[in-house]
Amino acid sequence: GAVVSQHPSRVICKSGTSVKIECRSLDFQATTMFWYRQFPKKSLMLMATSNEGSKATYEQGVEKDKFLINHASLTLSTLTVTSAHPEDSSFYICSARDEEGSNMYEQYFGPGTRLTVT
Amino acid sequence: GNSVTQMEGPVTLSEEAFLTINCTYTATGYPSLFWYVQYPGEGLQLLLKATKADDKGSNKGFEATYRKETTSFHLEKGSVQVSDSAVYFCALRDSGYSTLTFGKGTMLLVSP
């Protein structure tokens, strides 16, 4: 089945630094990937839709200058949290959409990245 | 707009009990419906799905039937196991290229 990986699985950084999270589709190509943020005991909040070769589409209220998204290839999207603050601490989950074959339109989720900003 | 409403948890059951997690939705048109499961510290895994009215999705003993007349997609399992303890998310997608809309999630805790 389709596999999506994320790296790192958890990261601790100091306030004011930047952190990059990678999302890879391992066995399929993904023109479109999604970044979600999950607060404790809360649902997933869609942050942005990442499109290969073009600018990401951010949801209302998400600061695009703070959460930089790059989707430079059909298998890799990155989320960079710039000038991180403790309130950015969260669980970040990516997903990739399969747009070919029998599983067309299915979204496959990565295992998540736990970010802690101290 | 689209929305998904799930019963609030946690749902606490003993092993081998019957499980129902309610899910209702609001959507324009004819969405596809999904149940995802999230085990502690992990991402989401697709548990089952249904793409049209009266379809029944099933997997690992779980099942859910797409009921258009009641706009519902309740998740059921006849006999839960401790290993089923997780958070369950109901979701909809109203077209192939649209994004998923998630409910708030329901935590299931199964005790031996």
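Further remarks concern the state of the cysteines. Following the criterion strictly, the structure yields two disulfides over all chains and no others. With a sulfur-sulfur separation of 2.0 Å, cysteine 23 of chain A is cross-linked through a disulfide to cysteine 94 of chain A. Across the disulfide from cysteine 23 of chain A to cysteine 94 of chain A, rotation about the S-S bond amounts to roughly 80°, and the bridge is consequently right-handed. Pair noted here: cysteine 23 of chain A is in strand β3 (residues 19-25) and cysteine 94 of chain A is in strand β9 (residues 90-97), with a separation of 71 residues, a long-range link. Linked covalently through their sulfurs, cysteine 23 of chain B and cysteine 90 of chain B form a disulfide whose S-S length is 1.9 Å. The chirality of the disulfide connecting cysteine 23 of chain B with cysteine 90 of chain B is left-handed, given an S-S dihedral of about -70°. Here cysteine 90 of chain B lies in strand β10 (residues 86-93) and cysteine 23 of chain B lies in strand β4 (residues 23-26), a separation of 67 residues in the sequence.

Here we come to the side chain of threonine 113 of chain A. Residues and elements named next belong to chain A. Relative to the helices and strands, threonine 113 resides in strand β11 (residues 113-117). Given a relative accessible area of 0%, threonine 113 falls into the buried group. Of note is the side chain of threonine 113, whose polar atom sits 2.6 Å from the backbone oxygen of proline 8. Setting aside its immediate chain neighbours within four residues, threonine 113 contacts Gln6, Pro8, Ser9, Val11, Ile21, Ser90, Phe91 and Tyr92.

Another point: the interface of chain A and chain B. In this complex, chain A contributes 19 residues to the contact, which on the side of chain B involves 19 residues. Counting the surface lost from both chain A and chain B, the interface buries some 1500 Å², and carbon and sulfur atoms represent 54% of this. Looking at the side of chain A facing chain B, the largest losses of area belong to Tyr105, Glu106 and Phe109 of chain A, adding up to 35% of the total buried there. Connecting chain A to chain B are one salt bridge. Among the salt bridges present, the one from lysine 49 of chain B reaches glutamate 106 of chain A, with a minimum N-O distance of 2.1 Å. Every element with two or more residues in the side of chain A that touches chain B is listed here: β4 (32-38), β5 (44-51), β9 and β10 (107-109) of chain A.

Before going further, it helps to examine the pattern of salt bridges. All names here are of chain A. Following the criterion strictly, the structure yields six salt bridges over all chains and no others. We note a salt bridge from lysine 66 to aspartate 88, for which the minimum N-O separation is 2.9 Å. Here aspartate 88 lies in the loop between β8 (76-81) and β9 and lysine 66 lies in the loop between β6 (57-58) and β7 (67-73), a separation of 22 residues in the sequence. Residue classification places lysine 66 among the buried positions, given a relative accessible area of 11%.

Our focus in this paragraph is the pairing of β3 of chain A. Residue and element names in this part refer to chain A. Only one face of β3 is covered, namely the one carrying Val19, Ile21, Cys23 and Ser25; the face carrying Lys20, Glu22 and Arg24 has none of its residues buried. The pairing of strand β1 (residues 4-7) with β3 spans four bridges and is antiparallel. What sits directly across from histidine 7, in β3, is glutamate 22.

Below, the discussion takes up unusual backbone geometry. Looking along the chain, the bond that leaves histidine 7 of chain A and enters proline 8 of chain A is cis, with omega of 0°. Examined against the element boundaries, proline 8 of chain A turns out to sit in the loop between β1 and β2 (10-13). Geometrically, the link from glycine 9 of chain B to proline 10 of chain B is a cis peptide bond, its omega value of 0° lying close to zero. In this structure, proline 10 of chain B sits in the loop between β1 (3-6) and β2 (11-14). The phi dihedral of aspartate 54 of chain B falls on the positive side, at around 75°, and the residue is not glycine. Relative to the helices and strands, aspartate 54 of chain B resides in the loop between β6 (44-50) and β7 (56-59). Residue lysine 60 of chain B is not a glycine yet carries a positive backbone phi of 55°.

On to the sheet that holds β1 of chain A. Hydrogen bonding along the main chain pairs the strands of a sheet, whether they run parallel or antiparallel. Residue and element names in this part refer to chain A. As summarised here, the arrangement of the four strands in space is β1-β3-β8-β7, forming an open sheet in which the pairing is antiparallel. Here the strands that pair on one side only, and so sit at the sheet edges, are β1 and β7. Taking the axes of each pair of neighbouring strands and ignoring which way they run, one obtains an average angle of 15° across the sheet. Where β3 and β8 come together, six bridges link them in antiparallel fashion. Note that in β8 the partner of lysine 20 across the bridge is threonine 80.

The rules we used
- Residues numbered from 1 in each chain as written.
- Chains lettered and ligands numbered in written order.
- Predicted model: local features only at pLDDT ≥ 70, side-chain atom pairs only at ≥ 80, totals over all residues.
- Heavy atoms only, no water.
- Disulfide = S-S within 2.5 Å.
- Helix = DSSP H or I, 4+ residues; strand = E, 2+ residues; numbered from the N terminus.
- Buried < 20%, exposed > 50% of the residue type's maximum accessible area, 1.4 Å probe, protein only.
- Polar contact = N/O pair within 3.5 Å; in protein donor to acceptor, adjacent residues only side chain to side chain.
- Contact = heavy atoms within 4.5 Å.
- Buried area = accessible area lost by both parts, 1.4 Å probe.
- Salt bridge = Lys/Arg side-chain N within 4 Å of Asp/Glu carboxyl O.
- Pairing = 2+ DSSP bridges.
- Axes fitted to C-alpha atoms, helices over the stretch in contact; angles between N-to-C directions.

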